[in-house]
Structures are given as structure tokens and as C-alpha cells.
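If you want the building blocks of each chain, they are given just below.
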Amino acid sequence: MRLILAPMEGLADQSLRDILTRLGGIDLCVAEFVRVTNHLLSEKMLLRTVPELADGGCTRAGVPVRVQLLGSDPACLAENAAHIAGLGAPGIDLNFGCPAPKVNSHGGGAVLLQFPEQIHAIVAAVRRAVPKHIPVTAKMRLGLEDTALTLDCARAVEAGGADELTVHARTRADRYRPPARWEWLAHIRETVKLPVVANGEVWTPQDWEKIRQVSGCADVMIGRGAIVRPDLTRRIKTGDEAMPWPELLPWIIDYYGQLCARMDPRHAPGRLKQWLGMMRAAYPEAEALHRALRAERDPVAVGKVLEDLLKTAIRR
């Protein structure tokens, strides 16, 4: 039974992967997608998106990070996959699920679910290009507008030689609206022989239990639920109670410090507010902090607010 951190573009970056994997419970991460067009990506660019490649392909906690590729050209994807494997990636994942209009308009992501034969060609080309000991996996949605080709796409991934298939149990048209269609995960698992990972609408340990029961899948990928409740995967593994806000504060400060160190500090408050904005669903204190920082753009001032909050929490 594995818990996998989903590849969330613009959200689950290297700093958040570091924090969440050190909090515990995550067995594997899939990084934000790397867009592949018509050229070989440079090592510098790849390390910028997936810096874990410089550390054996793992986070500081030792959790492997697979590199996800997004594109539509089999030959170019295969060439880049081989290059990335040579840099030490512990796995290559292929994106057939991104619903973003900009991505889809360029022939990538969920739009490929209209063309099972193209999916097969991509998976097969990448599998041939990557050494056998390195997993090649895929992530897909149920379809574009409907589920008419769902099983055909799953079969195409399997026939292409993928080692594993993760299914986000929604169509592109569903976007992120609940509910996720967990019953379709069972249909797919019964159709293909390769391992299927369940994904979609897991916010609590109870949701994790239910998605496994409905789908029959042993492994679960968790996305936004792990951002809203940073200790969710640890709670699933240990049965612990939810982490109280004062215990979470040092991790938030650590995250903010990493942001300020690796990017223009002017942009760090915005990324912090994004995370706090999502945590509001689970922590009233995140709502209060988000509100207090809403108009603050000075990175030093934001850091001081966080440190003052931590001092207050310690005194209590």
C-alpha cells in the first residue's frame, strides 16, 4: 500500500515536496510536469523543475521523485525521457490528464484521451527509450467530455508497455468538481493487468479508506488533500490525530524560508498565501493568518509575522 503525492502544477513545487515528505507518510512523489516540444531539454532546465535529480532523484527525506513529461510527439518525448533517465530519475511519468486549456490547445494533456492510438505510440516510444529497470508510468483522466474511450485509453497505456497507470477519476469536463467517479477506477482495474493507482477527491483518512474500498486499488495518489492537510498521509499511515496548528507553524516557516532562498523574495509571499489559502479549509488559524497577510507584500515583514506567531504559540 503506497501513498503517492500528485503532480500539481504551480503548487507542489520542490519546497512543498520537501516539507510534505519530511512530515511523513508519502512513499513516492511525481513532480510538476515538464513540457516537451521539439528539442532536447537542458540539464539546467530540468534541475530547475526537479532539483531532486541532483540528489539521487529523491527529496531530503529520501522519497523518490518521478519526472512527469507532457507533450504529444512520441520521438521527442522518448529522446527526452532517455536523457532524464540518464540524469538519475527514479521513474518517468507521462501526462494524459492535464485539463488546462493552454496545454490542451497545444496537443498535450487530457486532449490526447481522444486518441488512444497516439497514447499507445507515446508510451511505447518512451518505454523503448528508457532502461528497463526505470519505471515508465502514466496518469490519465477518464476522458475529455465523457467516458466513451476510457477503457480504450487504459488498454493503450498497458499495450504500450507502461509499468503502472494512475487514474484521476474525472473527465476533463468535470475539472475538479466533486464527486470523483471512483466506480470507474474499478472498471479500469478489471480491464487491464497493470497496477492501477486511484486518484481523486481524497481529503481525509476516511476518504482514503472509501476510495480503496470502491476501486479495489491498493495504492492511492493524493493531490490537493495533502496541501490542505499537510499531515494527511502521515495520519493515514499511523492513525494519529490531526496535527494542531502550533505544531504546523514551524513547517510553514521552513517552507517560507526555502521560498525566499531559492526565488526572488518578492514572489515568496504570494506562494505562501497560496498554500495558506488552501489550508483555510482545515485550519481556522490559516484563515486568520491569510487575512493578516493578504495586503502584505514585503517578504521581510511576512517573515516577521510568522516568527512572531511562532513565539506566541511557544509561550502558550
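Treat the numbers as computed from the prediction; the structure is a model and nothing was measured.

*Asks:* Could you give an account of the nonpolar core, with specific residues and numbers?
*Replies:* Formed by 100 residues in total, the largest nonpolar core has its most connected members in L69 and F96. Per-element accounting of this core gives the leading share, eight residues, to helix α11 (residues 245-262). Each residue touching F96, except ones within four places of it in the same chain, is listed here: G109, A110, L112, L113, I119, I122, V123, A138, K139, M140, R141 and V157.

*Asks:* Give me the packing of helix α12 (residues 268-279) against helix α13 (residues 284-293): which residues, what numbers.
*Replies:* Look at α12 against α13: their axes get within 8 Å of each other, and the N-to-C directions meet at 145°. As for how α12 packs across α13, the hand of that crossing is left-handed. Contact residues: L272, K273, L276, G277 and M279 in α12; A286, L289, H290 and L293 in α13. Considering only residue class, the contact of α12 with α13 consists of six nonpolar, two polar and one charged.

*Asks:* Please provide a residue-by-residue account of the layout of surface pockets, values included.
*Replies:* Taken as a whole, the largest pocket holds about 580 Å³ of empty space. Taken together, 31 residues make up the lining of the largest pocket; nearest its centre are P7, M8, K139, R141 and Y176. Mapped by element, the contributors of at least two residues to the lining of the largest pocket are α4 (101-105), β6 (136-141), β9 (220-222) and α9 (224-228). Residues of the lining of the largest pocket, tallied by class, amount to 15 nonpolar, eight polar and eight charged.

*Asks:* Talk me through the pairing of strand β7 (residues 164-168); I want residue IDs and the actual numbers.
*Replies:* Across the five residues that make up β7, a large majority, five, are buried. What you see with β7 is no split at all: E164, T166 and H168 on one side and L165 and V167 on the other are buried throughout. Summarising the sheet, β6 and β7 pair through five bridges and their orientation is parallel. The partner of T137 across the bridge, within β7, is E164. On the question of chirality, the crossover connecting β6 to the parallel β7 by way of helix α6 (residues 150-159) is right-handed. For the crossover that starts at β7, traverses helix α7 (residues 182-191) and ends in the parallel strand β8 (residues 196-199), the hand is right-handed.

*Asks:* Just give me the short version of the pattern of salt bridges, but keep the residues and values in it.
*Replies:* Scanning the model with the defined rule gives 20 salt bridges in all. With a closest N to O distance of 2.6 Å, D163 and R127 form a salt bridge. Of this pair, D163 sits in the loop between α6 and β7 while R127 sits in helix α5 (residues 116-129); the two residues are 36 residues apart in sequence, bridging distant segments of the chain. One salt-bridge network, held together by shared partners, links R2, R66, E164 and D219.

*Asks:* So what's going on with the environment of F33? Which residues, and what values?
*Replies:* Looking at the secondary structure, you find F33 in the loop between β2 (28-30) and β3 (34-35). A relative accessible area of 12% places F33 in the buried class. In this structure, the C-alpha to C-alpha distance between F33 and M8, residues 25 residues apart in sequence, is 8.1 Å.

*Asks:* How would you explain the side chain of T233 if you had to name every residue and give the values?
*Replies:* Here T233 is to be found in helix α10 (residues 232-238). What makes T233 buried here is its relative accessible area of 4%. Apart from the residues lying within four places of it in its own chain, the contact partners of T233 are L3, G24, G25, I26 and I222.

*Asks:* I'd like to hear about the packing of aromatic side chains, residue by residue, with values.
*Replies:* Applying the stated criterion across every chain, the model contains two aromatic pairs. When the ring of W245 is compared with that of Y283, the centres are 5.5 Å apart and the planes differ by 50°; the resulting orientation is tilted. Note that W245 is positioned in helix α11 and Y283 in the loop between α12 and α13, a separation of 38 residues in sequence. Take W245 and Y283: they sit in the same class, and that class is buried. Judged by centre distance (4.9 Å) and plane angle (75°), the ring pair of Y255 and W275 falls under edge-to-face.

*Asks:* Tell me what's going on with the state of the cysteines, and back it up with residues and numbers.
*Replies:* Summed over all chains, the structure comprises zero disulfides. Its sulfur unpaired, C29 is 9.4 Å from the next cysteine sulfur, which belongs to C58. In this structure C98 is a free cysteine whose sulfur lies 16 Å from that of C153, the closest cysteine sulfur available.

*Asks:* Explain the packing of α7 against helix α8 (residues 205-215) residue by residue, including any values.
*Replies:* Where α7 contacts α8, the two axes come as close as 7 Å, and the packing angle between them is 40°. Considering their axes alone, α7 and α8 lie oblique with respect to each other. Crossing of α7 against α8: the hand is right-handed. Of the residues in α8, those touching α7 at W182, E183, L185, A186 and R189 are D207, K210, I211, V214 and S215. Taken together, the residues of the contact of α7 with α8 break down into five nonpolar, one polar and four charged.

*Asks:* Help me get a handle on α8, residues and values and all.
*Replies:* Every buried residue belonging to α8 is among P205, W208, I211 and S215, and all of these are buried. Taken down its axis, α8 places every buried residue within 125° of arc, on the same side. For α8, exposure combined with an orientation more than 90 degrees from the buried face picks out Q206 and Q213. The elements touched by buried residues of α8 are β1 (3-5), α7, β8, β9 and α10. A positive phi of about 80° marks G216, the residue just after α8.

Thresholds, definitions, all that
Residues numbered from 1 in each chain as written. Predicted model: local features only at pLDDT ≥ 70, side-chain atom pairs only at ≥ 80, totals over all residues. Heavy atoms only, no water. Core = buried A, V, L, I, M, F, W, Y, C linked by side-chain atoms within 4.5 Å. Buried < 20%, exposed > 50% of the residue type's maximum accessible area, 1.4 Å probe, protein only. Helix = DSSP H or I, 4+ residues; strand = E, 2+ residues; numbered from the N terminus. Contact = heavy atoms within 4.5 Å. Axes fitted to C-alpha atoms, helices over the stretch in contact; angles between N-to-C directions. Left-handed = near helix turned anticlockwise from the far one by under 90°. Nonpolar A, V, L, I, M, F, W, Y, C, P; charged D, E, K, R; others polar. 1 Å grid on protein atoms, 1.4 Å probe; cavity = no way out; pocket = protein on both sides within 12 Å on 5 of 7 lines; lining within 4 Å. Points joined across faces, edges and corners; volume = space filled by probe spheres on them. Pairing = 2+ DSSP bridges. Right-handed = clockwise from strand over helix to strand, strands pointing away. Salt bridge = Lys/Arg side-chain N within 4 Å of Asp/Glu carboxyl O. Phe/Tyr/Trp six-rings, centres within 6.5 Å; stacked < 30°, edge-to-face > 60°. Disulfide = S-S within 2.5 Å. Parallel < 35°, antiparallel > 145°, perpendicular 65-115°, else oblique. Arc of directions from axis to C-beta.

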